[in-house]
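Chain by chain, the residues run as shown.
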Amino acid sequence: MSTSRYRAFVAVAHHGSLSAGARALGLSQPTVSTQIAALEQQSRVELFHRRGYRMSLTQAGTRLLPLAQKLLSLESEVAFFLRDAGELNQGELQIGAVGPFHVIEMVAAYRARHPGMKLSIRMGNSQQVLQDLENYSTDVAVLAGLHDKSGLLAREYACHPIILFAHVDHPFARRASVALQELHGQPLILREQGSTTRSALEAVLAAARVQPVTTLEIGSREAIREAVARGLGLGVICEAEFVPDPRFRPVRIAGDPASTTTYVYCMRERGDSLLVRSFMDALQKRVGDPRI
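Helix and strand content of the protein chain: ten helices and twelve strands. In the protein chain, which comprises 292 residues, the share counted as buried stands at 46%. Pairs at least 24 apart in sequence give 74% of the contacts found in the protein chain among residues at least 6 apart. For the protein chain, the exposed area adds up to about 15,000 Å²; of that, 51% sits on carbon and sulfur atoms. Both charge centroids of the protein chain, one from 33 positive and one from 28 negative side chains, sit 3 Å from each other.

Written out as structure tokens, the structure is:
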């Protein structure tokens, strides 16, 4: 069976309609509709619920999606190998990431080695980024924290301490560092539950029996910066993510008791694939460890 049918299926599943899927593929809507219908007729399985122009996956379609994405990723691997004899002079690498801070330097290192490759970055929270990787929507993923799943391979990239940042008028802003115990009773502005930075800091606070005031949770780094700028509390951030601003001062926690580690992930079964390996190899100079 032609993979074009699976390509049409994946595009419509991602975009939610025939017209949007067709635009993404650069095909006509009737062509995509015919491919979806042929796939359903041949398999005798309904893959989509149709509600007007909107299409959503059935239970069978949901189960098929990661398999179809895996098939298409393997097709790309074969095409890369046959076309470029392993050189990767053209094609696309899809990267998932929770933030731009490390992934951009990774992209720069990769682009230096493979200037002909097209790169795309899909941003999301940790759960979304891992889901994209496991569904073969991305080839590699850049995440803070170690996610122990049997189907994944993880390679350590960098480790950074967690720091505070304070409004210039805050008493802590006049100091280079504060003791962990000094955070007792201090208002902290934290990311949502599930944030790797938040979890790491809360673990060391709990171990030291330090109880800050955490009455404000915000789901974006930019909003936290604005809250700190209005004097609502101390911000908490990975050192690598701190962006200098005249309104703030970075403040270390003495001894750097909390830190986050950035890892590059791939699916275990793709650890030796040409495309994934090319990305990992481009990072060797930064990490100094050839292993995944």
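Turning next to the environment of Thr197. Here Thr197 lies in helix α7 (residues 196-207). Considered as a pair, Thr197 and Ser259 are 62 residues apart in the sequence and their alpha carbons are 7.5 Å apart.

All right, on to the pattern of salt bridges then. Taken as a whole and judged by the stated rule, the model has 15 salt bridges. One salt bridge connects Lys70 with Glu269, and the closest N-O pair in it is separated by 3.0 Å. Of this pair, Lys70 sits in helix α4 (residues 59-84) while Glu269 is found in the loop between β12 (259-267) and α9 (274-282), placing the two residues 199 residues apart along the sequence. Residue classification places Lys70 among the partly exposed residues on the basis of a relative accessible area of 27%. The salt bridge involving Arg277 is made with Asp272; its shortest N-O contact spans 3.6 Å. Since its relative accessible area comes to 25%, Arg277 is described here as partly exposed. One network of salt bridges, in which partners are shared, links Arg225, Glu226, Asp245 and Arg247.

A few words on the environment of Thr34. Its location among the elements puts Thr34 in helix α3 (residues 29-43). Taking relative accessible area as the criterion, Thr34 reaches 53% and is therefore assigned exposed. Taking the C-alpha atoms as reference points, Thr34 and Ala8, 26 residues apart in sequence, are found 9.5 Å from one another. A distance of 2.8 Å separates the side chain of Thr34 from the backbone oxygen of Pro30, its partner in a polar contact.

Take unusual backbone geometry next. The phi torsion at Arg209 lies on the positive side, around 55°, for a residue other than glycine. Considering the arrangement of structural elements, one finds Arg209 in the loop between α7 and β9 (213-217). Overall, Arg209 belongs to the exposed group, its relative accessible area being 75%. Phi at Asp256 is positive, roughly 45°, even though this residue is not glycine. Along the chain, Asp256 falls in the loop between β11 (248-253) and β12.

Where strand β1 (residues 48-51) lies against strand β2 (residues 54-57), four bridges are found, and the strand directions are antiparallel. Across the sheet, residue Phe48 finds its bridge partner in β2, namely Leu57. Turn length for the β1-β2 hairpin, with the two strands adjacent in sequence and antiparallel, is two residues, and the turn residue Gly52 shows positive phi of about 65°.

For the rest of this paragraph, the subject is the nonpolar core. The nonpolar side chains of a soluble globular protein tend to be buried, and buried together. Leu93, Ile95, Met106, Tyr110, Val140, Val264 and Phe279 are the most contacted members of the largest nonpolar core, which has 22 residues in total. Breaking this core down by element, the ones donating at least two residues are β3 (91-97), α5 (100-113), β4 (117-123), β5 (140-144), β6 (152-167), β12 and α9. The dominant element in this core, judged by the number of residues it contributes, is α9, at five residues.

In this section: α3. Taking 1.5 Å of rise per residue, 15 residues should cover 21 Å, and α3 covers 21 Å from first to last C-alpha, within 8% of that figure. Considered for burial, the residues of α3 that qualify are Val32, Gln35, Ile36, Ala38, Leu39 and Glu40. One or two residues past the end of α3 sits Arg44, with phi positive at roughly 60°.

Turning our attention to the confidence of the model for the protein chain. A residue-level look at the protein chain finds 93% of positions with pLDDT of 70 or above and a mean pLDDT of 87. Residue range residues 285-292 is modelled with pLDDT below 50. Its contacts to residues more than four positions away, or to other chains, number 19 contacts.

Turning to a nonpolar patch on the surface, a few remarks are in order. Among the surface-exposed residues, Ile104, Ile121 and Met123 lie close enough to one another that they form a single nonpolar patch of about 260 Å² accessible area. Secondary-structure assignment places Met123 in strand β4.

Relative to the elements of secondary structure, Arg191 occurs in the loop between β8 (187-190) and α7. Of the polar contacts made by the side chain of Arg191, one reaches the side chain of Glu192; its length is 3.1 Å. The contacts of Arg191, once residues within four sequence positions are left out, are Arg198, Glu217, Ile218, Gly219, Ser220, Arg221 and Ile224.

Attention now goes to the packing of aromatic side chains. Tallying each qualifying case throughout the model produces five aromatic pairs. Consider the rings of Tyr110 and Phe279, whose centres lie 5.8 Å apart with planes at 45°: the pair is tilted. With a gap of 169 residues between them, Tyr110 in helix α5 and Phe279 in helix α9 connect regions that are remote in the sequence. For the pair Tyr110 and Phe279, one class covers both residues: buried.

Procedures and definitions
Residues numbered from 1 in each chain as written. Predicted model: local features only at pLDDT ≥ 70, side-chain atom pairs only at ≥ 80, totals over all residues. Heavy atoms only, no water. Helix = DSSP H or I, 4+ residues; strand = E, 2+ residues; numbered from the N terminus. Buried < 20%, exposed > 50% of the residue type's maximum accessible area, 1.4 Å probe, protein only. Contact = heavy atoms within 4.5 Å. Areas by Shrake-Rupley, 256 points an atom, 1.4 Å probe, with all protein chains shown as cover. Lys, Arg positive; Asp, Glu negative; His and termini not counted. Charge placed at Lys NZ, Arg CZ, Asp CG, Glu CD. Salt bridge = Lys/Arg side-chain N within 4 Å of Asp/Glu carboxyl O. Polar contact = N/O pair within 3.5 Å; in protein donor to acceptor, adjacent residues only side chain to side chain. Pairing = 2+ DSSP bridges. Core = buried A, V, L, I, M, F, W, Y, C linked by side-chain atoms within 4.5 Å. Expected span 1.5 Å × (residues − 1). pLDDT = per-residue confidence, 0-100. Patch = residues over 30% accessible without salt bridge, like charges linked within 9 Å, V, L, I, M, F, W, Y side chains within 5 Å. Phe/Tyr/Trp six-rings, centres within 6.5 Å; stacked < 30°, edge-to-face > 60°.

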